[in-house]
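If you want the building blocks of each chain, they are given just below.
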Amino acid sequence: MSEILPRGFVFSQSNLQAFQNCRFSFMLRYIRKLPWPSPLSARSASFELDQAAGSMLHSLIHQYFLGIDAELLRSCAEAFPDARVSRWLERFLASPYSEILPNQYPEHSQQIALGGNLLLAKFDLLHLDDDAIQICDWKTSRILLNRVRLQNRIQTMVYALVAVSANDSKTRPVSMYYWEADFPDNPIIFEFSPQQLIDFRKTITNLIHTIKSLSPDEFIRTTNLNHCSYCEYQTYCSRVGIPKDEQAYQDWLEIGLLEN
Ligand code: SF4
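Residues numbered from 1 in each chain as written. Predicted model: local features only at pLDDT ≥ 70, side-chain atom pairs only at ≥ 80, totals over all residues.

Caption draft 1: Spotlight on the site of the ligand. Neighbouring residues of the ligand: Cys 22, Phe 24, Ser 25, Arg 221, Thr 222, His 227, Cys 228, Cys 231, Tyr 233, Gln 234, Cys 237 and Arg 239. Listing elements by their share of the shell around the ligand, those giving two or more residues are α2 (23-31) and α9 (234-237). In the shell around the ligand, the residues fall into six nonpolar, four polar and two charged. (Near = placed C-beta within 6 Å. Helix = DSSP H or I, 4+ residues; strand = E, 2+ residues; numbered from the N terminus. Nonpolar A, V, L, I, M, F, W, Y, C, P; charged D, E, K, R; others polar.)

In structure tokens, the structure reads:
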């Protein structure tokens, strides 16, 4: 078993996604903890704007669930230099997801032990009802994400697994709502079956086992240049990737939103 992971390392949706994107990027960011220099390619322009706008929307929705007055939040959105944020906030406030209910936990982190490892989920909103658990995730994608790809995303698996294990929900169904700010009427909803949860546990456990079993020189660069397009470590690899891959764009955007 590899000893190169920092002691007490906590696995999460973002570092597992980074590993799945590219083992070398995982090594640079989470093991060597290297800073990232300016990217080589066009990642910077629209990517940085999208990340800032997405981060602002998450912050406003978080404050909304903490009880901050909606008018105050509107004025903050209007003052933000990207007009999309106001539009997204209005759509959110008009959506059923803005309903304030008991036992809602915005920007909530939970951690579980999985096969002797720590696994963390950072939920945008967790609703622990007496007879159900709902996970909400706000997204600001430029195109509506594919349902099958979302279902197989590390994030979906980690969220469902942590929500079930951390909240003693063996008898409570767990569902997940991906709400897209630019497609507010097309939420993507998953209701997880017991078999799916077993499969998620197996997949995530195997992924963690793989990471821990690698020697340093096995954290190799991805052969899929799509992943390089928006990677923060392009300069280390002298790669600019293939621009306009939406899935890669979303993967790195999410990692940035969660960790920067
Ligand atoms: S630029 Fe490509 S190969 Fe290099 S770390 Fe990033 S994703 Fe991996």
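Caption draft 2: Broad picture of helix α5 (residues 84-94). By the burial criterion, the buried members of α5 are Val 85, Trp 88, Leu 89 and Phe 92. Angularly, the buried residues of α5 cover 100 degrees about the axis, an arc narrow enough to put them on a single face. (Buried ≥ 20, exposed ≤ 12 C-beta atoms within 10 Å, placed from the backbone. Arc of directions from axis to C-beta.)

Caption draft 3: Inspection of the nonpolar core at higher detail. Counting 56 residues, the largest nonpolar core has Leu 57, Val 158, Tyr 159, Ala 160, Leu 161 and Ala 163 as its most contacted members. Sorting elements by how many residues they give to this core places helix α7 (residues 154-166) first, with nine residues. Those residues within four positions of Ala 160 in sequence are excluded, and the remaining contacts are Val 174, Met 176, Phe 192, Leu 197 and Phe 200. (Core = buried A, V, L, I, M, F, W, Y, C linked by C-beta atoms within 7 Å. Contact = placed C-beta atoms within 7 Å.)

Caption draft 4: Quick look at α7. Look at α7: 18 Å from first C-alpha to last across 13 residues, which is about the 18 Å you get at 1.5 Å a residue. Looking one or two places after α7, you find Asp 168, whose phi comes out positive at around 45 degrees. (Expected span 1.5 Å × (residues − 1).)

Caption draft 5: Region of interest: the pairing of strand β5 (residues 174-180). Of all seven residues in β5, five are buried; the element is thus mostly enclosed. Pairing of strand β4 (residues 133-139) with β5, which is carried by seven bridges, proceeds in the parallel orientation. Residue pairing in the sheet places Ile 133 in a bridge with Val 174 of β5. Between β5 and strand β6 (residues 183-191), which pair antiparallel one after the other, the connecting turn spans two residues. (Pairing = 2+ DSSP bridges.)

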